[in-house]
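# Structural overview for review
Listed here are the chains, written in short residue letters.
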Amino acid sequence: MSKAFYVTTPIYYPNAEPHTGHAYTTIIADIIARWKRLEGYDVFFLTGTDEHGLKLQRAALERGLQPKEFVDMMVEKFKEAWKALRIEYSRFIRTTDADHEELVKNLLMELWKKGLIVKGKYAGWYCTSCEKFFSEGEYVEEEGRKLCPIHMKELEWVEEETYFLKLSKFQDYVLKVLSETDVVYPKEYVREVVSKLRLEGLKDLSITRPKSRVFWGIEAPWDRNHTIYVWIDALLNYLTGIKLLKDKEFFSKYWSEAHHIIGKDILWFHTIIWFALLKMIGIPPPKKVVVHGFVLMGGKKMGKSTGNVVTIDELLKDFDADVVRYCLMRVMSLDKDIEFTFENMVDMHNNELADILGNLVRRLGVLSKKKLGGVVSKDSIDEELRREAERTIEAVRESMNKFRFSEALVKIFDLFRYLNAYLNKTEPWKKEKPNYELYNAIEGLRFGVTLLWSFMPYTCEKIAKVFDFKIETIDKLVFGKSEKFVVTEVPLLFKKIKKKK
Ligand SMILES: [Zn+2]
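No experiment lies behind these values; they were computed from the predicted model shown. (Residues numbered from 1 in each chain as written. Predicted model: local features only at pLDDT ≥ 70, side-chain atom pairs only at ≥ 80, totals over all residues. Heavy atoms only, no water.)

## Things to note about the pattern of salt bridges
For the structure shown, the criterion picks out 41 salt bridges. Here Asp-30 ties to Arg-34 by a salt bridge, and the two come within 2.9 Å at their closest N and O atoms. Here the residue Asp-30 and the residue Arg-34 both occupy positions in helix α1 (residues 20-38), the gap between them amounting to four residues, near one helical turn. Take Arg-34: its relative accessible area is 3%, and that puts it in the buried class. Salt-bridge contacts for Asp-414 lead to Arg-417; the nearest nitrogen and oxygen are separated by 2.8 Å. Taken together, the residues Asp-414 and Arg-417, both in helix α15 (residues 405-426) and three residues apart, mark about one turn of the helix. Exposure remark for Asp-414: the relative accessible area of 36% places this residue in the partly exposed category. (Salt bridge = Lys/Arg side-chain N within 4 Å of Asp/Glu carboxyl O. Helix = DSSP H or I, 4+ residues; strand = E, 2+ residues; numbered from the N terminus. Buried < 20%, exposed > 50% of the residue type's maximum accessible area, 1.4 Å probe, protein only.)

## Some details on empty space enclosed by the protein
Scanning the model with the defined rule gives three cavities of 30 Å³ or more in all. Approximately 60 Å³ is the volume found for the largest cavity. What lines the largest cavity is His-52, Gly-53, Leu-54, Glu-131, Arg-209, Val-214, Trp-216, Gly-217, Thr-227, Ile-228, Tyr-229 and Val-230. Here the lining of the largest cavity is composed, by residue class, of six nonpolar, four polar and two charged. For the lining of the second largest cavity, the element with the highest residue contribution is helix α4 (residues 98-113), accounting for three residues. Its residues assigned to classes, the lining of the second largest cavity shows three nonpolar, one polar and four charged. (1 Å grid on protein atoms, 1.4 Å probe; cavity = no way out; pocket = protein on both sides within 12 Å on 5 of 7 lines; lining within 4 Å. Points joined across faces, edges and corners; volume = space filled by probe spheres on them. Nonpolar A, V, L, I, M, F, W, Y, C, P; charged D, E, K, R; others polar.)

## What about the packing of aromatic side chains?
Taken as a whole and assessed by the stated rule, the structure comprises 28 aromatic pairs. Between Tyr-326 and Phe-413 the ring centres are 5.3 Å apart and the planes differ by 50°, which places this aromatic pair in the tilted class. Here the residue Tyr-326 occupies a position in helix α12 (residues 321-330), and Phe-413 occupies one in helix α15, the gap between them amounting to 87 residues. An aromatic cluster is built from Tyr-6, Phe-44, Phe-250 and Tyr-254, whose rings are joined through pairwise contacts. Stacked on the ring of Phe-250, the Lys or Arg Lys-243 has its end atom at 4.5 Å from the ring centre. The ring centre of Phe-294 lies 4.8 Å from the NZ or CZ of Lys-264, which sits over that ring. (Phe/Tyr/Trp six-rings, centres within 6.5 Å; stacked < 30°, edge-to-face > 60°. Lys NZ or Arg CZ within 6 Å of the ring centre and 35° of its normal.)

## Section: a negative patch on the surface
A cluster of like negative charges, contributed by Glu-17, Glu-76, Glu-80, Asp-313 and Glu-314, occupies part of the molecular surface. Contributions of two or more residues to the negative patch are made by α3 (67-84) and α11 (312-318). If you trace the backbone, Glu-76 turns up in helix α3. (Patch = residues over 30% accessible without salt bridge, like charges linked within 9 Å, V, L, I, M, F, W, Y side chains within 5 Å. Areas by Shrake-Rupley, 256 points an atom, 1.4 Å probe, with all protein chains shown as cover. Lys, Arg positive; Asp, Glu negative; His and termini not counted. Charge placed at Lys NZ, Arg CZ, Asp CG, Glu CD.)

## Re the side chain of His-19
By secondary structure assignment, the location of His-19 is in the loop between β1 (4-8) and α1. A polar contact of 2.9 Å, which involves the side chain of His-19, links it to the backbone nitrogen of Gly-21. (Polar contact = N/O pair within 3.5 Å; in protein donor to acceptor, adjacent residues only side chain to side chain.)

Next up, the structure:
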């Protein structure tokens, strides 16, 4: 039986079209999923949408729609975007799915019965856009008015009955998990949440809203006048997705290998709140929470509230999906925010994809046709080239295991550079039948293309077709195994793009 692997994206809030920030996280998750499949793992990849809450309720009503009608419409935009970007998820979960609502009600009812949910009162200054209360020191004071620090609009005084989840009991547990395990990756992100936790302590969390204010949510099963707070509803999707209540064996197999991919802005919820909630339910923390920085445009975080959004439609107008995937991952870094511009993309497209990979494929294809009638037969092995190709597998695997995708791409392209240099050195165009040179170089290309497949699946499959080889799992990559390569047509893979003035 093959080893299991579980990877998730956060579920996205479908109050606007998906943008490059969403694409960044989702492409990272897709590449991890594809890479693990390539390594022979049995992968479950979950993404989806977080469809409840006041913001969506309002957005829908403003358009004269019922919330469900509105989210049904918006969800299609996410599905279309992921299809266009060649994202291959195992399930697209919606928090309005029947099995999810059932799970949320079931689990929270258990916690209610255990006395881990208690009635209380909440009062404070509230931002309707954030759906969040702000305490003194958090909000901005201006001419006697209290403003949301994010939206800079006036806060409302809200006083309401609510139910609290008794998180405070689990502070020591969460601290222990965070300080004694390496579940958060990269580790630097732990410091921030741990110091906040030490400073502020873990407070009980208000997890319901009065239905009179927020009707668009999952009903609290112990009190029909309340709906469940979106964050709690949303986090539990990771359990619904792998069938916690339907298939225990399926769940256990994947949960022990759970990897949550998240942006650094939602780290608190995905560690402190989530680990405590899991503990209450009796489930260990995920294996890894992989954290990345923001995608910046002109130095600012991309997002609806900052107004500097590049939608996925806009990206795909100028570039093929594989090129978008390549360029985003070429600058990807977990430790830092990344800056992403059209100029950078054009440079990467022209200087790396077209000049190095496109050129290599073209040279090998054209030479095979011209010199060997398109048929390159098995030949003896160039040992140095073989070592270079095999070394690349190990080097790329090392980077992939550390989620250093940019580094992995550089290593793959180093192999392509090596192969271009190999052609320059051996000059097969000067020989009458350069079968040996071309066979070895195409074997090298086969290695590189297999390693690149998770990043650029469509392009790699196209290259495989040019030379008539198959992309197989990495354990089957043996240099000199190919019987022959047959080239019929050599397409131009990357047409150079001019910079916009
Ligand atoms: Zn706000």
